[in-house]
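Take a look at the letters that make up each chain.
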Amino acid sequence: TAVFVSLPVPGARATPGSIFCTERYLKVSVPPFLFEAILFAPIDDTNSTAKIENGNIFFTLYKKEPAMWDSLTLENVDKEKLQYLRENAVLKAHEKAKEEREAKKVTKEEHKKYALEATMKLEEAERKRIEDLKEKERQKVTEELELWKNQQKEADKYKSIQKEQELHQEIGQIKEKKNEKMNKTRIPNEGISKTKHKPSKGHGSCSMFSQNLKEEQLPAPRSAATIKVNFTPRAFPTALRESRIAEEEEWLHKQAEARRTVSADLSELEDLKEEEKNPDWLKDKGNKMFAMGNYLAAVNAYNLAVRLNNRLPLLYLNRAACHLKLRNLHKAIEDSSKALELLTPPVPDNENARVKAYVRRGTAFCQLELYTEGLQDYEAALKIDPKNKDIEKDAEKIRHLIQGTIQGS
Amino acid sequence: MSAAPALERPQVVSHAQQALSYTLFDCKWVPRSARLLCLGSAARGCGIAQLYELRGARLELLREIEKPKPIKCGTFGATSLQQRYLATGDFDGNLNIWNLEAPEIPVYSVKGHKEIINSIDGVGGLGIGEGAPEIVTGSRDGTVKVWDPRQKDTPVANMEPVQGESKRDCWTVAFGNAYNQEERVVCAGYDNGDIKLFDLKTMSLRWETNIKNGVCSVEFDRKDINMNKLVATSLEGKFHVFDMRTQHPTKGFASVSEKAQKSTIWQVRHLPQNRDIFMTSGGSGSLHLWKYEYPAQRSKKDSEGAEMGVAGTVSLLQNVTLSTQPISSLDWSPDKKGLCVCGAFDQTVRVLIVTKLNKI
């Protein structure tokens, strides 16, 4: 049934890893020793054991078929067969290892599943317990409610009976009221009604009497008065539904874009100084010229600036002012219109600019004697800035002029 | 999560609910009864008022009243307990007072405002408080008007914007401080975050402040006492609790604010039986129950010796999500502690019971 093999391994350390055993093949590799045996008959390698003691390895190999072995190893095996057997053994070992692994995996999964189910059950139980408690609460509360309602109903019935009784009493009393003091008549009746009062809740019926008293004692309606209020102004950001965020964003975006525009026509401008290529610097120059009264120079500055960047509305706006002074009215109108175009979308940020543009265009129209168009522009300016007295005055003047020409013609 | 401490907190139990076929704007308990009133607007553009009775776990429709204009809000605050007349504000700016037994013709009617009446409140009725019954309405036309049902056509007080001022919608109004016959204040909240406190005895503006976001709802914890606390809720999930006992000459009233839900807080309602507990309803369909705790000292002196108030703290007792749509109206029953009704924009009215309020 078993074969006992004792293997001396003097000097070297043997570990479980150095033993390799399959059904028909046994190998022990403990450097520098190597022991190999092709077993005579297959053994049950799962149950066989190997004991490692100092210097010795003691094998207990259980035979698969109980029979006497002629020898431990197979004799007369040639190299090839040996090789084949060896390889076979290794393969078998691999397979076995694989099977073991898989078996392990399967058991692991089953364990996991079991654990999961167990936790789920626990949680379920917990939940149910809470639900039950809640249900009980609910039912208790519902019952209480019903009880209270029934009490109310009875109280109501009671009150209606009492009301009738008190009405009778009142009718009898009205005659006496005028002669006697209220208190005196009240006491005996209250006394009676008080005894009936105890079961019902509230003081509804009692107050019927005090109601009469109260009506006489209610203060007169207040004398009408008005209180004026001011509201906290809401600067941007406004209440979301009034906000013009989208438009304001658009405007900011446009401005950013405009600043980045660089005109492609730089060939002639190469001989200009660095600062002369900067539209903002040119704009400032233009403003200074305008302030000094040198309108032509200002126009030149603005022209150059526009060539560099044709998307800055302020350039057109200021150029329009120059043209007005130079009495180039059509050019003024053109520039104001271009400025207005660039000043869309209309947001609080560009209010001032738009007012100026409208006023300048209006002025130009009036000087061309196109008074209706002028008035239109002045009114547009006024709409944006209703508090500006100058614009108002001018608008009035134009209106008079128009009426004058209508009457005159 | 251990269940025991959680279950000792007040629970919000859903008792009954009813699906409606119209948009519900306001729901109110009829005082001294288990009946409730739902006010709203039907798809065909007319106003609907339905009277339900709570029977067991169901709501039974007792009566349905149809009116030409959609109804936005209503109150029983200014009627006596016997009469129980309902005051309503509608989309057209009309203030009407109805006798629910005979609803064909209003008991009082006035075209109070040019635009929709957003909010209405009543004081002096129901045996609570003293003084003449009055109704206040706040409208989108920026005015707040106080009406006395004995005086026809003109309001007894009118809070309107100064001439030339651009108007802001008034979203909410509330009465307070009605502890004797003369005293009364009206608090109004506007869509730009203004809160204004008008004193009706002196006919002047007593206090104003701005809480940055539109004010959806204001309520005093009690109308009929010396004003104690005021809760104001706003857009973007914030609400402020003001301590109204001490007014500092420049700083006004002390407040504590809390950010509760990510969405608008539509309504705040104090529990009639306990003035330190209130419920807020939110745009995400949730209800939060809060408790206010007073500080050790309610007022202290500042550097110049003037009295200023100290705000306390607010803690969340419970919250529950009932719907996916905003809960726009909320009302506690004055008769049964913990019973409340809420109406949401998903066209359902729900009756809820909040338990364990005795133990707080």
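These figures come from a predicted structure and were not determined experimentally.

1. Considering the overall build of chain B
Here is step 1 of the chain: Of the regular secondary structure elements, chain B holds 1 helix and 30 strands.
Here is step 2 of the chain: Among the 360 residues that make up chain B, the fraction classed as buried is 64%.
Here is step 3 of the chain: In chain B, the proportion of contacts linking residues at least 24 apart, taken out of those at least 6 apart, comes to 49%.
Here is step 4 of the chain: Carbon and sulfur atoms provide 47% of the accessible area of chain B, an area that totals close to 13300 Å².

2. Some details on the overall build of chain A
Here is step 1 of the chain: Scanning chain A from terminus to terminus reveals 11 helices and 7 strands.
Here is step 2 of the chain: A buried classification covers 31% of the 409 residues belonging to chain A.
Here is step 3 of the chain: Entry remark: accessible area of chain A is about 28000 Å², with carbon and sulfur atoms responsible for 54%.

3. What about the interface of chain A and chain B?
Here is step 1 of the chain: Across the boundary between the two partners, chain A contributes 44 residues, which contact 61 residues of chain B.
Here is step 2 of the chain: At the boundary of chain A with chain B, total buried surface from both sides reaches about 4500 Å², with 55% on carbon and sulfur atoms.
Here is step 3 of the chain: When the buried area of chain A at its contact with chain B is split by residue, A:Arg222, A:Ile227 and A:Phe231 rank highest and sum to 20% of it.
Here is step 4 of the chain: One can count 2 salt bridges joining chain A with chain B.
Here is step 5 of the chain: Between B:Glu160 and A:Lys228 there is a salt bridge; the shortest N-O distance is 2.6 Å.
Here is step 6 of the chain: The interface formed by chain A and chain B includes 9 residue pairs in polar contact (both at pLDDT 80 or more).
Here is step 7 of the chain: When residues of the side of chain A that touches chain B are traced back to their parent elements, those giving at least two are helix H1 (79-177), helix H3 (206-217) and strand E7 (225-229) of chain A.
Here is step 8 of the chain: Among the elements that take part in the side of chain A that touches chain B, H1(A) stands out by supplying 18 residues, more than any other.
Here is step 9 of the chain: Among the residues making up the side of chain A that touches chain B, the classes are represented as 15 nonpolar, 12 polar and 17 charged.

4. Overview of a positive patch on the surface
All names here are of chain B.
Here is step 1 of the chain: Taken together, the side chains of Lys212, Lys238, Lys259 and Lys262 define a basic patch exposed on the protein surface.
Here is step 2 of the chain: One can find Lys238 in strand E20 (residues 238-248).
Here is step 3 of the chain: In this structure Lys238 comes out as partly exposed when scored by relative accessible area, which is 32%.

5. Looking at the sheet that holds strand E1 (residues 2-8) of chain A
Residues and elements named next belong to chain A.
Here is step 1 of the chain: With antiparallel pairing, 3 strands are arranged side by side in an open sheet as E1-E6-E5. The open sheet has two edge strands, E1 and strand E5 (49-53), and neither has a second partner. The sheet shows a mean angle of 15 degrees between the axes of neighbouring strands, taken without regard to direction.
Here is step 2 of the chain: As defined by bridge partners, E1 adjoins strand E6 (residues 56-62) across 7 bridges and the pair is classed as antiparallel. Each residue of the ladder has a partner; that of Pro8, found in E6, is Asn56.

6. Observations concerning the packing of aromatic side chains
Here is step 1 of the chain: If you walk through the whole model with that rule in mind, you get 11 aromatic pairs over all chains.
Here is step 2 of the chain: With 4.9 Å between their ring centres and 65 degrees between their planes, A:Phe231 and B:Tyr190 make a pair best called edge-to-face. One end of the pair, A:Phe231, is in the loop between E7 and helix H4 (245-260); the other, B:Tyr190, is in strand E15 (residues 185-190), on a second chain.
Here is step 3 of the chain: The exposure class of A:Phe231 is buried, given its relative accessible area of 6%.
Here is step 4 of the chain: Its relative accessible area of 0% is what places B:Tyr190 among the buried residues.
Here is step 5 of the chain: When the centroid spacing of 6.3 Å and the interplanar angle of 80 degrees are considered together, the rings of B:Phe25 and B:Phe345 count as edge-to-face. Note that B:Phe25 is positioned in strand E2 (residues 23-29) and B:Phe345 in the loop between strand E29 (339-344) and strand E30 (348-354), a separation of 320 residues in sequence.
Here is step 6 of the chain: Taken together, the aromatic side chains of B:Phe25, B:Phe91, B:Trp266 and B:Phe345 make up a single cluster linked through ring pairs.

7. Here's the deal with the packing of helix H7 (residues 313-325) of chain A against helix H9 (residues 351-367) of chain A
The axes of two packed helices give the description: the angle between them and the distance between them.
Residue and element names in this part refer to chain A.
Here is step 1 of the chain: At a minimum axis distance of 10 Å, the contact between H7 and H9 shows a crossing angle of 30 degrees. If you check the angle between H7 and H9, you find them roughly parallel. In this structure, H7 meets H9 at a crossing whose hand is left-handed. Here Leu314, Leu317, Asn318, Ala321 and Leu324 of H7 come into contact with H9, specifically with Ala353, Lys356, Ala357, Arg360, Thr363, Ala364 and Gln367.
Here is step 2 of the chain: Residue composition of the contact of H7 with H9, grouped by class: 7 nonpolar, 3 polar and 2 charged.

8. Regarding the sheet that holds strand E4 (residues 47-55) of chain B
Residue and element names in this part refer to chain B.
Here is step 1 of the chain: An order of E2-E3-E4-E5 is seen for the 4 strands of this open sheet, with the pairing classed as antiparallel. Of all the strands in the sheet, just E2 and strand E5 (58-67) have a single pairing partner and so form its edges. Taking the axes of each pair of neighbouring strands and ignoring which way they run, one obtains an average angle of 25 degrees across the sheet.
Here is step 2 of the chain: Taken together, the 9 bridges between E4 and E5 define a ladder with antiparallel strand orientation. By the bridge assignment for E5, Glu53 is matched with Glu60.

9. Overview of the pairing of strand E14 (residues 170-176) of chain B
Residue and element names in this part refer to chain B.
Here is step 1 of the chain: Burial within E14 is extensive, with 6 of its 7 residues counted as buried.
Here is step 2 of the chain: Of the pairings in the sheet, the one linking E14 to E15 comprises 6 bridges and is antiparallel in character. Looking at E15, one finds that Cys170 is bridged to Tyr190.

10. Some words on the confidence of the model for chain A
Low-confidence regions, as indicated by low pLDDT, have predicted coordinates that should not be scrutinised in detail.
Residues and elements named next belong to chain A.
Here is step 1 of the chain: Chain-level statistics for chain A give a pLDDT mean of 77 and a share of 81% at 70 or above.
Here is step 2 of the chain: The weakest mean pLDDT in chain A belongs to helix H2 (residues 182-197) at 41; the strongest belongs to H7 at 89.
Here is step 3 of the chain: Residue range residues 181-216 is modelled with pLDDT below 50. Its contacts to residues more than four positions away, or to other chains, number 40 contacts.

11. Quick word on the pattern of salt bridges
Residue and element names in this part refer to chain B.
Here is step 1 of the chain: The final tally for this structure, using the stated rule, is 32 salt bridges over all chains.
Here is step 2 of the chain: The partner of Glu115 in a salt bridge is Lys167, and the shortest N-O contact between them spans 3.6 Å. Separated by 52 residues along the polypeptide, Glu115 in the loop between strand E9 (108-111) and strand E10 (117-123) and Lys167 in the loop between strand E13 (157-161) and E14 bring together distant segments of the chain.
Here is step 3 of the chain: Here Glu115 falls in the partly exposed class, since its relative accessible area comes to 25%.
Here is step 4 of the chain: Among the residues examined, Lys167 registers a relative accessible area of 41% and is labelled partly exposed.

12. Topic: the nonpolar core
Here is step 1 of the chain: By size, the foremost hydrophobic cluster in this structure holds 35 residues, and its most contacted members are A:Leu315, A:Tyr378, A:Ile391 and A:Ile398.
Here is step 2 of the chain: Contributions of two or more residues to this core are made by H4, helix H6 (295-308), H7, helix H8 (329-342), H9, helix H10 (371-384) and helix H11 (389-408) of chain A.
Here is step 3 of the chain: Take this core: its biggest share by element is 7 residues, from H6(A).
Here is step 4 of the chain: Apart from the residues lying within four places of it in its own chain, the contact partners of A:Ile398 are A:Cys366, A:Tyr371, A:Gly374, A:Leu375 and A:Tyr378.
Here is step 5 of the chain: Of all hydrophobic cores here, the second largest spans 23 residues; its members include A:Leu145, A:Trp148, B:Trp29 and B:Val341.

How each quantity is defined
Residues numbered from 1 in each chain as written. Chains lettered and ligands numbered in written order. Predicted model: local features only at pLDDT ≥ 70, side-chain atom pairs only at ≥ 80, totals over all residues. Heavy atoms only, no water. Helix = DSSP H or I, 4+ residues; strand = E, 2+ residues; numbered from the N terminus. Buried < 20%, exposed > 50% of the residue type's maximum accessible area, 1.4 Å probe, protein only. Contact = heavy atoms within 4.5 Å. Areas by Shrake-Rupley, 256 points an atom, 1.4 Å probe, with all protein chains shown as cover. Buried area = accessible area lost by both parts, 1.4 Å probe. Salt bridge = Lys/Arg side-chain N within 4 Å of Asp/Glu carboxyl O. Polar contact = N/O pair within 3.5 Å; in protein donor to acceptor, adjacent residues only side chain to side chain. Nonpolar A, V, L, I, M, F, W, Y, C, P; charged D, E, K, R; others polar. Patch = residues over 30% accessible without salt bridge, like charges linked within 9 Å, V, L, I, M, F, W, Y side chains within 5 Å. Lys, Arg positive; Asp, Glu negative; His and termini not counted. Charge placed at Lys NZ, Arg CZ, Asp CG, Glu CD. Pairing = 2+ DSSP bridges. Axes fitted to C-alpha atoms, helices over the stretch in contact; angles between N-to-C directions. Phe/Tyr/Trp six-rings, centres within 6.5 Å; stacked < 30°, edge-to-face > 60°. Parallel < 35°, antiparallel > 145°, perpendicular 65-115°, else oblique. Left-handed = near helix turned anticlockwise from the far one by under 90°. pLDDT = per-residue confidence, 0-100. Core = buried A, V, L, I, M, F, W, Y, C linked by side-chain atoms within 4.5 Å.

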